Amino acid sequence: MIAAIPLGGFVIMAGSKEKDESDNSFELKGDEVYYDQLPPIKRILISLAGPLFNFILAYLIYAWIFTYPTTHQDIRFDEVLVQSVAYDAGISGEIEIIKVNDREFSHLHELRMYFYRFVGQSISIPVEYKENGILKSTQFNLENLSIESPLDVFLQLGLIQKEQGYQVSVVSVFEGPAKLAGMLDGDVWYSINGELIDSQAKWILGIQQGGIQNWQVLRGEQLVDLEVVPSRDEAINDSPYSIGVQVQSKAKTSQHIFKRDLTVIESVIHSFSYTLNMIEFNIVSIIKLVKGELGVKNLGGPGTMADASGSAAKSGFLSFLALLGILSISLGVINLMPIPMLDGGNVLFDSIELIRKKALSESWQSRFRTVGLLIVLSVMALAITNDLFRYL
């Protein structure tokens, strides 16, 4: 059945409250009963089935992906920024992180996702690491870790991985400081304020210094000098500086890249833990969004999905499958939110009935569904608005 409001396809259970009473096209057979006549616990299980299969689909996708050799970054760091979390913790040279909160990690992405859960919290966590082959321990004070920062979580910690032959080139120049300074499509950054751009960290940190900046860019074989003043939204406290470009980065070689080849059994086990981690990541993100620790500008709509799908498809079939897994998990988590109009809303109503031994009145359920519809439409409108500002 197709909804009157264009939110996509949906299913109405035979005998549910949303069913049109004038529709007599469905007839029960044998000992079948209508949905609303089922015990609350069975209705809860039915509502949970949809999100559960979203998670199962993602698990099967990841299990298939991990049967192929996958590329990862290790958790060794070559440099520590002065006046950073790592520097204040007593780290000053090349290190390899061994444990965080007594938990081990196999690659950089796992460690990044773990640190992400502490964003917005004033907390110190124990870290074990190796420096010059010697096992040491310290405490990372994560008080100033911010998801709103334009810096990656490791750059906020002050930990840098260097790459050989690193380049940042311009794909497109939009209206903004870079265009005003004369930057063109295809330009490659050489230096910012005299600092050679040989890592992602130096490029991001250079721009985020703000103020009047002297850039040198490679245009063909010619070195061109530009004077640029990055801009920021003054209405938002500590908003990142922007320059109005779309860029791509690449490195000739990286000493931190390794390939991981799992057996079928290992891929089955690893994909299960990976799916759980992604579910946790989505839940943490939603909680941070509700608490205001994550800005609403991070919401994306159809434009963001189309852009991500296109980029994943260009990167290869496995990357596209990985994106489908992420979207499937996101849909499952969102559907579990206790908002009327979503599966989580049905679970909430049925749980209340299970506890009270009596269902909420039709009038109250109707009011809650109206509120739920307004919430869903508001989030959709916000996501689409973000897309318009992001891509137009």
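Residues numbered from 1 in each chain as written. Predicted model: local features only at pLDDT ≥ 70, side-chain atom pairs only at ≥ 80, totals over all residues. Heavy atoms only, no water.

Student: Before we go on, may I ask you to explain the overall build of the chain in this structure?
Tutor: Helices and strands together make up the secondary structure of the chain, namely 11 helices and 15 strands. Within the chain, the proportion of its 392 residues that are buried is 36%. Considering only residue pairs separated by 6 or more positions, the chain has 65% of its internal contacts joining residues 24 or more positions apart. Split by element, the accessible area of the chain, about 22,800 Å² in all, is 58% carbon and sulfur. (Helix = DSSP H or I, 4+ residues; strand = E, 2+ residues; numbered from the N terminus. Buried < 20%, exposed > 50% of the residue type's maximum accessible area, 1.4 Å probe, protein only. Contact = heavy atoms within 4.5 Å. Areas by Shrake-Rupley, 256 points an atom, 1.4 Å probe, with all protein chains shown as cover.)

Student: I would appreciate a short explanation of the packing of helix α3 (residues 108-116) against helix α7 (residues 264-291) in the present structure.
Tutor: It is at 10 Å that the axes of α3 and α7 come closest, and there the two elements cross at 30°. The orientation of α3 relative to α7 falls into the category roughly parallel. Crossing of α3 over α7 shows left-handed handedness. Contacts between α3 and α7 pair His109, Glu110, Met113 and Tyr116 from the former with His270, Tyr274, Met278, Phe281, Val284, Ser285 and Lys288 from the latter. Tallied by class, residues from the contact of α3 with α7 come to six nonpolar, three polar and two charged. (Axes fitted to C-alpha atoms, helices over the stretch in contact; angles between N-to-C directions. Parallel < 35°, antiparallel > 145°, perpendicular 65-115°, else oblique. Left-handed = near helix turned anticlockwise from the far one by under 90°. Nonpolar A, V, L, I, M, F, W, Y, C, P; charged D, E, K, R; others polar.)

Student: Would you take a moment to explain the environment of His270 for this structure?
Tutor: Summarising the element assignment, His270 is placed in helix α7. A relative accessible area of 10% means that His270 is categorised as buried. Beyond its immediate chain neighbours, meaning those up to four positions away, His270 contacts Phe66, Glu110, Arg260 and Leu262.

Student: Could you clarify how one ought to interpret the pairing of strand β1 (residues 70-73) in this entry?
Tutor: Note on strand geometry: in a regular strand, side chains alternate between the two faces of the sheet. Across the two faces of β1 the burial differs, with Thr70 and His72 buried and Thr71 and Gln73 not buried at all. The pairing of β1 with strand β15 (residues 257-260) spans four bridges and is antiparallel. If you follow His72 over to β15, its bridge partner there is Phe258. (Pairing = 2+ DSSP bridges.)

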